[in-house]
Amino acid sequence: MSTTTTQGVKGEERDDFSKEESARLRLRSRRLLASLLEPLRARIAVTAVIVVISTAAQVAGPTLIAYGIDNALPALVKNNDWMPAIVVVGLYLVVGIVGAILMAQYTVIFARVSQSILFDLRKRLFLHTQRLSLEFHESYTSGRIISRQTSDLDSIRELFDSGINQLVQGLLYMVFTAIALVSLDAPSGLILGVALIPLVVLTRWFQTRSQKLFRSTRTTSARVIVQFVETMTGIRAVQAFRKEGRNEKQYGGYVEDYRKANSRVFQLFGTFDPGLVLIGNATLAAVVLFGAFRVIDGGLEVGALLAVALYAKRFFDPAEELAMFYNGYQSASAALEKISGVLEESPSVPDPVRPTDLWHAKGAIDFDDVEFAYNRDAIVLPEFELHVPAGQTIALVGSTGAGKSTLAKLIARFYDPSRGSVKLDGVDLRDLHPKDLRRAIVMVTQEAYLFSGSVADNIALGKPDATRDEIERAARAVGAHEFIVALPDGYDTDVNKRGGRVSAGQRQLLSFARAFIADPAVLILDEATASLDIPSERLVQEALQTLLSDRTALIIAHRLSTVAIADRVLVMEYGRIVEDGTPDDLISGTGRFAQLHAAWRDSLV
Ligand SMILES: Nc1ncnc2c1ncn2[C@@H]1O[C@H](COP(=O)(O)OP(=O)(O)OP(=O)(O)O)[C@@H](O)[C@H]1O
Ligand SMILES: [Mg+2]
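The shown structure was predicted, so the numbers you read here are calculated from the model rather than taken from an experiment. (Residues numbered from 1 in each chain as written. Chains lettered and ligands numbered in written order. Predicted model: local features only at pLDDT ≥ 70, side-chain atom pairs only at ≥ 80, totals over all residues. Heavy atoms only, no water.)

Caption draft 1: Quick look at the nonpolar core. Among the nonpolar cores identified, the biggest contains 58 residues, and Leu32, Leu121, Ile156, Phe316 and Ile339 are the most heavily contacted of them. Sorting the residues of this core by element identifies helix H1 (19-37), helix H2 (41-79), helix H3 (83-131), helix H5 (142-184), helix H6 (186-233), helix H8 (244-297), helix H9 (302-315) and helix H10 (317-344) as the ones contributing at least two each. Ranked by size, the runner-up nonpolar core spans 37 residues in total, among them Leu450, Ala553, Ile555 and Ile565. (Core = buried A, V, L, I, M, F, W, Y, C linked by side-chain atoms within 4.5 Å. Buried < 20%, exposed > 50% of the residue type's maximum accessible area, 1.4 Å probe, protein only. Helix = DSSP H or I, 4+ residues; strand = E, 2+ residues; numbered from the N terminus.)

Set out below in structure tokens:
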């Protein structure tokens, strides 16, 4: 059905990838990176030129000083020749100023490039996640989806903010410095070359160790976030079942793991940083000592020695940053891998390539030889056949887990059948334009979700261009008008503000009004009246009777009072229709519905 085989996307967050998997993940994030960089090619090229020139300008300083001391100064003192000195000082100033200006430019342009990459990525991630089908959202926990938008994007941002520009500058700086050093004094270049050996060994050691440690900080921090989000999302259940104590213990354990992982990282830096300083100082001492002997012998000029010492000292400056970059790079690339995983998910309910037009749906529904399973091993609907003529009102009853909501979700195309087809007016739902589909079929469920905004906004969700009159008419029709006008600001009350909070039943009435105003050809109510008291339910039912007269309706309800307004009753068990007939026929028969109805009537007296 979908490409959800993507490793590490479904189920738990993983870290134990085989070689091939890792290669595939790298390829995937590289593709994503390339697509992000593509539109910025010109700007990146400009940035590259600027950074090369500005770094070269910075490195030129000591060489100019050497020339000044060894050539310009003697010329001035011995021959009273000012020219070389003026040229050197002038050049030094020009190089310094140009270097500084370009550096500023580089920082600004680089920030612009990285900001537009992040902007693009953030937007893509949101739009894509929103487009993914229900199947994805039901298996990808909310904690993980939040991590994608927050901590993952953050680690990429951090890499941009402090990492990459320093890496590029640092590497260039080292290369240019090495070139300048070698061309100024080859023996000192040789010493630096020898110093590279311990530097490389130390860095390699740091990299292999840190890779493991950073990975464990990431997984432990992800666990902390997931646990936090899950606890807070289910806070009602947590408090109702006094799960706080158990949570505290578990959360305490996770936080402790995270702390330990972090402290191991700091220990690692505690060895690495002094190691770098030691190598740097030893190299500087060797260069200065060896150079000093040659100055005494006359083999090296004083200015050259000064420049060489400056270069040798500065050479190791970026080493620490490069190592730090590795840290940021690791978490950013892991983050990019996870984000690319989400972005590569394709909706399991894809939009049609060439949609069929269905501007005015009549509302006939057909299930042709449908089989449906959420996952391969448990078939929920085996061989399902059903024809619902346009305009019919159907009551669907059956025990818990019989497959009623599944049937509803198939009609609303939250899922596609694994075999056969579901049709609206003879058109396969898979061929309908999503706009036509959503206009024609509306489902109201028990969980009436209210978005932040006013009550009126929430009703108008069903018809974005609705006038205040239409909104009020819809609210009156479902019996919501009275409680709405009693709210602090009536229809303009913010549903998230204190005082604007509405009860579960009132929320359901609002979602009814929302469906009413949408005026669909097919209306599905999945236990949509479950939170209403009997008078309110009766009111809604009266409203429904007029509302449903000219449209197809599927009403799922455990309260059999709903059945009264139905033209036809379907009884469902184990994913099959076991009884099908008018309410009167079924009640007067001897089947399952007759028993249910008798029991229900007895309970009323
Ligand atoms: N998202 C899902 N993933 C996997 N299995 C599911 C999913 N939703 C439902 N099921 C399974 O499908 C079967 C039918 O579920 P369904 O929600 O359609 O039942 P129902 O008739 O609506 O029950 P109820 O009256 O309790 O709402 C159940 O066995 C359930 O375990
Ligand atoms: Mg259900």
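Caption draft 2: Structural detail: the site of ligand 1. Residues in close proximity to ligand 1 total 14 residues, the closest being Glu138, Gly401, Lys404, Ser405 and Thr406. A distance of 3.2 Å separates an oxygen atom of ligand 1 from a polar backbone atom of Ala402. Side-chain polar atom of Ser405 to an oxygen atom of ligand 1: 2.7 Å apart, as the coordinates give it. In isolation ligand 1 exposes 630 Å². Once the protein is present, 63% of that is buried. For the shell around ligand 1, the element with the highest residue contribution is helix H11 (residues 404-411), accounting for three residues. Residue classes in the shell around ligand 1 are distributed as four nonpolar, seven polar and three charged. (Near = heavy atom within 4 Å. Polar contact = N/O pair within 3.5 Å; in protein donor to acceptor, adjacent residues only side chain to side chain. Areas by Shrake-Rupley, 256 points an atom, 1.4 Å probe, with all protein chains shown as cover. Nonpolar A, V, L, I, M, F, W, Y, C, P; charged D, E, K, R; others polar.)

Caption draft 3: A positive patch on the surface, seen in detail. Together, Arg209, Lys212, Lys260 and Arg264 make up a positively charged patch on the protein surface. Following the sequence through the fold, Lys260 ends up in helix H8. (Patch = residues over 30% accessible without salt bridge, like charges linked within 9 Å, V, L, I, M, F, W, Y side chains within 5 Å. Salt bridge = Lys/Arg side-chain N within 4 Å of Asp/Glu carboxyl O. Lys, Arg positive; Asp, Glu negative; His and termini not counted. Charge placed at Lys NZ, Arg CZ, Asp CG, Glu CD.)

Caption draft 4: Quick look at the sheet that holds strand S10 (residues 576-581). With mixed pairing, six strands are arranged side by side in an open sheet as S6-S7-S8-S3-S9-S10. What marks the edges here is a single partner per strand, and that holds for strand S6 (441-444) and S10. In this sheet, adjacent strand axes meet at a mean angle of 20° when their direction is disregarded. In the sheet, strand S3 (residues 393-398) pairs with strand S9 (residues 568-573) via five bridges, with the strands oriented parallel. Paired with Val397 across the bridge in S9 is Val571. Strand contacts of helix H16 (residues 504-518): S6 and strand S7 (522-526), with the helix running at about 170° to S6, the strand carrying the most contacts. In the packing of helix H19 (residues 592-604) onto the sheet, the strands contacted are S3, S9 and S10, and the crossing angle to S9 comes to about 100°. (Pairing = 2+ DSSP bridges. Axes fitted to C-alpha atoms, helices over the stretch in contact; angles between N-to-C directions. Contact = heavy atoms within 4.5 Å.)

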